[in-house]
2 protein chains.
Amino acid sequence: MSRPSSSELRRAILDEARRVLVENGYMGLSMRPIAREVGCTATSIYLYFESKDALIHALIDEGMERLQEQFQTAVDGVDEPRRRLARLARAYLDFGLENPEYYEIMFMLHPQLMERYPPDRYRRARRNLEMFHDEMVAALGPAGWDGRDPKTESTLVWTSLHGTVSLLIAHRVDVSIDREALIERAVRQALRSLDDPDNAAIEPPQSDAARN
Amino acid sequence: MSRPSSSELRRAILDEARRVLVENGYMGLSMRPIAREVGCTATSIYLYFESKDALIHALIDEGMERLQEQFQTAVDGVDEPRRRLARLARAYLDFGLENPEYYEIMFMLHPQLMERYPPDRYRRARRNLEMFHDEMVAALGPAGWDGRDPKTESTLVWTSLHGTVSLLIAHRVDVSIDREALIERAVRQALRSLDDPDNAAIEPPQSDAARN
DNA sequence: TTCGACTACTTTACAGTGTTAACTTTACGC
DNA sequence: GCGTAAAGTTAACACTGTAAAGTAGTCGAA
């Protein structure tokens, strides 16, 4: 709508929203206080963002760009494919733990909000995560995939890292556990699919959890 | 507070709240509609739950109990330690995917809410997850832990599973990925720490993400 | 039988939310 | 100086969680 209008106010709103997000989390993000701080009325925000959702979506976009940058600098100058992948994994964890507020809206927020996130934009944003895919393919070479789907495998790396980040952020992990040790183990575990000999006797499904 | 009072109304409120939660998710959970459906006023709810948080906490307790039951039936009659662990993992995934609304409030909700969850009750609830710990210790025996902390390792199993469940629930996983294949791989990956020879050259930390 | 007291519940009200529609101010080209 | 369009405001709506005060019903003792 007001794409190229790019007033200063728009930026100020976005900055303040991010600040509030950092300080109070998603739940503490309210239009009127943002407006007050920025020096306008709440309804003025609607000149630049068509809803609160849209405002948050803009912040998600910001977060995705930052992650992308951290990914880039993480692998910059590193050649060996396995090391590149390891650094990506580490960068992902670091990003989440250092920017919990961004991480929360990017990957942890309730499904409803995400369903309202324009699908094409999310697809573009998720480009980030395809770096895992590309680097894995590079690390394994064309030979390594006996029957396994690269997309599934790279998604698995992601979900594994996400589990650790999100539970740490949400303070669900027992405080008696050494944080740094867990993180290091998480990276190791995420990357171990590279060496997977696909052994181990695993159970068949116990119920029908594959719908939806 | 009103622990033994156990009016029928309390149960009705809880039932309706759960129904709404299933249907509309956490965000759609509002006091007045619950009251209307149950046949009382919104403020009456406060006779049985001291806040909306407390109401949700009660639902979390319910969910934890259900998970506990599913865990029990999953390992019931299974003796071989590795198989027991595998079934636990599978049960966890199934629970999350079949009860996304419970899973959301139990493990995905924003940190603020969890911080208000009475710590002792959460500790008790998390007893569930200690089953991972116990079964892992049983599966590996006293010999297997060369330098590794069992608590960290079992937490790692949990975070790994959680990553998969939560991203699937939140519809963040690319739809082109075979859901069941991902799930199966997730179980496998989670349990692989049992066989870990602790190899692989891993990067040192890139930044200070171990605070908090 | 009447007087408390207690329980269960309601009414009213407050301060807050996101959002819409209508109104006003400001700036700019002719 | 006038018309127009953009930028921002005011007022309002329907909603939220929740606190305080008030009310109806029940039960036990005098």
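Please refer to the structure placed before this passage.
Everything numeric here is computed off the predicted structure, so don't read it as measured data. (Residues numbered from 1 in each chain as written. Chains lettered and ligands numbered in written order. Predicted model: local features only at pLDDT ≥ 70, side-chain atom pairs only at ≥ 80, totals over all residues. Heavy atoms only, no water.)

**Examining the nonpolar core**
Next, step 1: Of all hydrophobic cores here, the largest spans 142 residues; its most connected members are Y92 and F132 of chain A together with Y92 and F132 of chain B.
Next, step 2: Counting residues per element, this core draws most heavily on helix α3 (residues 52-75) of chain A, which supplies eleven residues.
Next, step 3: In contact with Y92 of chain B, not counting residues within four places along its chain, are L67, F71, Y103, F107, L129, F132, W158, L161, H162 and V165 of chain B. (Core = buried A, V, L, I, M, F, W, Y, C linked by side-chain atoms within 4.5 Å. Buried < 20%, exposed > 50% of the residue type's maximum accessible area, 1.4 Å probe, protein only. Helix = DSSP H or I, 4+ residues; strand = E, 2+ residues; numbered from the N terminus. Contact = heavy atoms within 4.5 Å.)

**What about the protein's contact with DNA strand D?**
Next, step 1: With respect to spatial proximity, 17 residues lie near DNA strand D, and among them S44 and Y48 of chain A together with R32, T43 and Y46 of chain B are the closest.
Next, step 2: Near the protein, meaning within 4 Å, the atoms of DNA strand D are sugar or phosphate in a fraction of 52%, with bases accounting for the rest.
Next, step 3: Side-chain polar atom of S30 of chain B to a phosphate oxygen of DNA strand D: 2.8 Å apart, as the coordinates give it.
Next, step 4: Within the backbone of K52 of chain B, a nitrogen or oxygen atom sits 2.8 Å from a phosphate oxygen of DNA strand D.
Next, step 5: Among the elements that take part in the surface near DNA strand D, helix α2 (residues 31-38) of chain B stands out by supplying three residues, more than any other. (Near = heavy atom within 4 Å. Polar contact = N/O pair within 3.5 Å; in protein donor to acceptor, adjacent residues only side chain to side chain.)

**Structural notes on the relation of the copies chain A and chain B**
Next, step 1: Each copy superposes on the other: chain A lies on chain B with an RMSD of 0.1 Å after a rotation of 180° and an axial shift of 0.0 Å. Expressed as a symmetry operation, the mapping of one chain copy onto the other fits a two-fold axis. Among all C-alpha atoms of chain A, that of G163 of chain A lies closest to the rotation axis, at 1.7 Å.
Next, step 2: The residues that chain A uses at the interface reappear at the interface of chain B in 100% of cases, marking a shared surface. (Least-squares fit on C-alpha atoms with pLDDT ≥ 70 in both.)

**Thoughts on the packing of aromatic side chains**
Next, step 1: Using the criterion set out here, one finds 14 aromatic pairs over all chains in the structure.
Next, step 2: Note on Y92 of chain A and F132 of chain A: the rings are 6.0 Å apart at their centroids and 65° apart in plane angle, and the pair reads as edge-to-face. Of this pair, Y92 of chain A sits in helix α4 (residues 81-98) while F132 of chain A sits in helix α7 (residues 119-140), and the two are 40 residues apart along the sequence. Both residues of the pair, Y92 of chain A and F132 of chain A, belong to the buried class.
Next, step 3: Seen from their ring centres, F107 of chain B and W158 of chain B are 6.0 Å apart, and the 70° between their planes marks the pair as edge-to-face. Of this pair, F107 of chain B sits in helix α5 (residues 100-108) while W158 of chain B sits in helix α8 (residues 150-169), and the two are 51 residues apart along the sequence. We note that F107 of chain B, like W158 of chain B, is buried.
Next, step 4: Within the aromatic cluster, the residues linked to one another by ring pairs are F71, Y92, Y103, F107, F132 and W158 of chain A.
Next, step 5: Its end group placed over the ring of Y26 of chain A, K52 of chain A keeps NZ or CZ at 5.7 Å from the ring centre. (Phe/Tyr/Trp six-rings, centres within 6.5 Å; stacked < 30°, edge-to-face > 60°. Lys NZ or Arg CZ within 6 Å of the ring centre and 35° of its normal.)

**A closer look at unusual backbone geometry**
In most cases, non-glycine residues show a negative phi, while peptide bonds are predominantly trans.
All names here are of chain A.
Next, step 1: Even without glycine at this site, H171 takes up a positive phi of about 55°.
Next, step 2: Position of H171 among the secondary structure elements: in the loop between α8 (150-169) and α9 (179-191).
Next, step 3: A relative accessible area of 37% means that H171 is categorised as partly exposed.

**Considerations on α9 of chain A**
Side chains three or four residues apart in an α-helix point the same way, a direct result of the helix having 3.6 residues per turn.
Next, step 1: Along its 13 residues, α9 of chain A runs 19 Å from first to last C-alpha, staying within 8% of the 18 Å computed at 1.5 Å per residue.
Next, step 2: With respect to burial, α9 of chain A is a largely interior element, ten of its 13 residues being buried.
Next, step 3: Of the residues making up α9 of chain A, those classed as buried are R179, L182, I183, R185, A186, V187, R188, Q189, A190 and L191 of chain A.
Next, step 4: In this structure, the buried side of α9 of chain A is in contact with α4 and α8 of chain A together with α8 and α9 (179-191) of chain B. (Expected span 1.5 Å × (residues − 1).)

**Some details on the protein's contact with DNA strand C**
Next, step 1: The local shell around DNA strand C holds 17 residues, among which R32, T43 and Y46 of chain A together with S44 and Y48 of chain B are the closest.
Next, step 2: In the interface set of DNA strand C, defined as its atoms within 4 Å of the protein, sugar plus phosphate atoms amount to 51%.
Next, step 3: The contact in question runs from a phosphate oxygen of DNA strand C to an N or O atom on the backbone of M31 of chain A, over 3.0 Å.
Next, step 4: A distance of 3.0 Å separates a base oxygen of DNA strand C from a polar side-chain atom of T43 of chain B.
Next, step 5: Of all the elements, helix α2 (residues 31-38) of chain A adds the most residues to the surface near DNA strand C, at three residues.
Next, step 6: The residue makeup of the surface near DNA strand C, split by class, is eight nonpolar, six polar and three charged. (Nonpolar A, V, L, I, M, F, W, Y, C, P; charged D, E, K, R; others polar.)

**Topic: the interface of chain A and chain B**
Next, step 1: Each partner contributes residues to the interface: chain A has 75 residues there, and chain B has 75 residues.
Next, step 2: Both faces considered, chain A and chain B share a buried interface measuring about 7,000 Å² in area, 52% of it formed by carbon and sulfur atoms.
Next, step 3: Seen at the junction of chain A and chain B, the total is two salt bridges.
Next, step 4: Two residues, E153 of chain A and R185 of chain B, come together in a salt bridge whose shortest N-O distance is 2.7 Å.
Next, step 5: Put simply, chain A and chain B have 13 residue pairs in polar contact (both at pLDDT 80 or more) between them.
Next, step 6: Those elements that provide at least two residues to the side of chain A that touches chain B are α4, α5 (100-108), α6 (111-116), α7, α8 and α9 of chain A.
Next, step 7: Examining the composition of the side of chain A that touches chain B, we find that 14 residues originate from one element, α8 of chain A, more than from any other.
Next, step 8: Looking at the side of chain A that touches chain B residue by residue, the class counts come to 32 nonpolar, 20 polar and 23 charged. (Buried area = accessible area lost by both parts, 1.4 Å probe. Salt bridge = Lys/Arg side-chain N within 4 Å of Asp/Glu carboxyl O.)

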